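Coordinate inspection notes
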Amino acid sequence: MAVEIPFRRELRFEYGKVAELSANIRRVIANNPGPFTLYGTGTYILGRGNVAVIDPGPADPAHIDAIVAATEGERITHLLVTHTHMDHSPGCRLLREATDAPTYGYGPHGAGKIEQGVPVEEGGDMDFVPELKVADGDVIEGDGWSVECVYTPGHTSNHVCYQLREERTLFTGDHVMGWSTSIVSPPDGDMQSYMESLRLLLERDDAVYWPTHGPAITQPRPHVEAFIAHRLEREDEIRDCLARDIRKIKEMVPIMYAALPEFMYPAAARSVFAAMIYMVERGEVHCDGEVALDATYSLG
């Protein structure tokens, strides 16, 4: 039986308008909907008066104007970035024209892999370099609010979640979303790191997740447990394909993702490749030659 993930996609909002989510949390959604962003990038505003902004979003002047309008009469003191995909961090450059707030993040695009000596191809926001680098467990304090940094590599090697400690609310970026699973695309994406980062969340006591895309996740634990079970199920599907002598990823994808539109196959193939790398590293799968997206694989 297939793992059932308790997806939630319903969300009432208006582009460019600020929504009050709690006493300390507001959100403005960018008008950049798509197959990887759902309705668009949700930029969060923490606190009142002197505030933090999480993920300013794409370099969209209309969205930046909406953030500035939402904080009129207030001061933006911190710019927190979960990771450096183009729908998350480029807005920092435009928002800096309206504020002198420093940027926070784990590092530039590919930072977690570069530390390991693994080169990462371009494709993210290669211009973003945080003025203040954060590490797992760091606490950022503002005016009446505080945020704990939770390093969660996997979707990207520099992905960080942020917990608003006063409300035990975790802003999960693209690590855990309510509407879809995350793409894990090597070499920057790493399935082993992603699985470890999911299990890390099970050790925490966060009350609610707010992803950058889509609605809140109000029952974090069963959601994360379903994500882990889903990835393990994908590994079972890979084993089944190999046992049937289906040995190339491009041949596995239409079988494993039969319900997915064909234009999404390349992204699905990247996630299958990430799982394959992880299985090769564990010795469960053998690769005929160099491990690659178009390589031929067999059961180890």
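Residues numbered from 1 in each chain as written. Predicted model: local features only at pLDDT ≥ 70, side-chain atom pairs only at ≥ 80, totals over all residues. Heavy atoms only, no water.

**Thoughts on the overall build of the chain**
Stated precisely, the cut-off is as follows: A run of H or I in DSSP counts as a helix once it spans at least four residues, and a run of E counts as a strand once it spans at least two, with each numbered from the N terminus. With C-alpha atoms as the basis for the radius of gyration, the globule rule is written as 2.2 Å multiplied by the number of residues raised to the power 0.38. Per-residue accessibility, obtained with a 1.4 Å probe over protein chains only, is compared with the maximum for each type, and a residue is labelled buried under 20%, exposed over 50%, and partly exposed between these values. By definition, residues are in contact when any of their heavy atoms lie within 4.5 Å. Note on areas: these come from Shrake-Rupley sampling with a 1.4 Å probe, and a residue is covered only by the protein chains present in the view. Working convention for charge: Lys and Arg count positive, Asp and Glu count negative, and His plus the chain ends are omitted. All charge positions are set by atom: Lys at NZ, Arg at CZ, Asp at CG, Glu at CD.
Across its full length, the chain carries seven helices and 14 strands. For 300 residues, the compact-globule formula gives about 19 Å, and the C-alpha radius of gyration of the chain, at 19 Å, lands near that figure. Counting only C-alpha atoms, the chain reaches 65 × 40 × 35 Å along its principal axes. Sorting the 300 residues of the chain into buried and exposed places 54% on the buried side. Restricting the contact set of the chain to residue pairs at least 6 apart, pairs at least 24 apart contribute 60%. For the chain, the exposed surface amounts to about 13,000 Å²; the carbon and sulfur share of it is 51%. Distance between charge centroids for the chain: 3 Å, based on 26 positive and 46 negative side chains.

**Structural notes on the environment of Ala 101**
For Ala 101, the location among the structural elements is in the loop between helix H2 (91-95) and strand S6 (103-105). Residues Ala 101 and Arg 75, spaced 26 residues apart in sequence, show a C-alpha to C-alpha distance of 8.8 Å. Discounting chain neighbours no more than four positions away, the residues touching Ala 101 are Ile 76, Thr 77, His 78, Leu 79, Arg 96 and Glu 131.

**Describing the sheet that holds strand S4 (residues 50-54)**
The strands that make up a sheet pair up through hydrogen bonds in the backbone, lying either parallel or antiparallel. Put simply, the rule is: Pairing between two strands is assigned when DSSP locates at least 2 bridges connecting them. Simply put, an axis is a line fit to the C-alpha atoms, just over the touching stretch for a helix, and the angle between two N-to-C directions goes from 0 to 180 degrees.
Taken in spatial order, the seven strands of this open sheet run S1-S2-S3-S4-S5-S6-S7, and their pairing is mixed. Sheet topology places strand S1 (19-20) and strand S7 (132-133) at the edges, where each strand pairs with a single neighbour. The strands touched by helix H1 (residues 61-70) within the sheet are strand S2 (25-29), strand S3 (42-46), S4 and strand S5 (75-80), with S2 carrying the most contacts at an inclination of about 155 degrees.

**Let's talk about helix H4 (residues 191-202)**
Every α-helix winds through 3.6 residues per turn, so residues three or four apart in the chain are directed the same way. Stated formally: The span you would expect from a helix comes to 1.5 Å times its residue count less one. Counted as a polar contact is a pair of N or O atoms within 3.5 Å, where, for protein atoms, one must be capable of donating a hydrogen and the other of accepting one, and residues adjacent in sequence contribute only when both atoms are in side chains.
Taking 1.5 Å per residue, 12 residues should reach 16 Å; H4 reaches 17 Å between its end C-alpha atoms and fits that length. When H4 is considered as a whole, its buried residues turn out to be Met 191, Ser 193, Tyr 194, Met 195, Ser 197, Leu 198 and Leu 201. Taken together, the buried residues of H4 touch strand S11 (169-173), strand S12 (208-211), helix H5 (220-243) and helix H7 (265-281). If you check the start of H4, you find a side-chain oxygen 3.1 Å away from the backbone N of Gln 192, and it comes from Asp 190.

**Concerning the nonpolar core**
Under the convention used in this document: To qualify as a nonpolar core, a set must consist of buried Ala, Val, Leu, Ile, Met, Phe, Trp, Tyr and Cys residues joined through side-chain atoms within 4.5 Å.
With 40 residues, the main nonpolar core has Ile 238, Met 252 and Tyr 297 as its most contacted residues. Contributing elements (two or more residues each) for this core: H4, H5, helix H6 (249-256), H7 and strand S13 (285-288). Ranked by residues supplied to this core, first place goes to H7 with 10 residues. Contact partners of Met 252, with chain neighbours within four places excluded, come to Ile 238, Cys 241, Leu 242, Ile 246, Arg 247, Val 272 and Met 276. Counting residues in each nonpolar core, the second largest holds 21 residues, with Tyr 44, Ile 140, Trp 145 and Tyr 162 among its members.

**Re the side chain of Ser 180**
Position of Ser 180 relative to the elements: it lies in the loop between S11 and H4. For Ser 180, a relative accessible area of 19% corresponds to the buried category. Setting aside residues up to four positions removed in sequence, Ser 180 forms contacts with Phe 7 and Phe 227.

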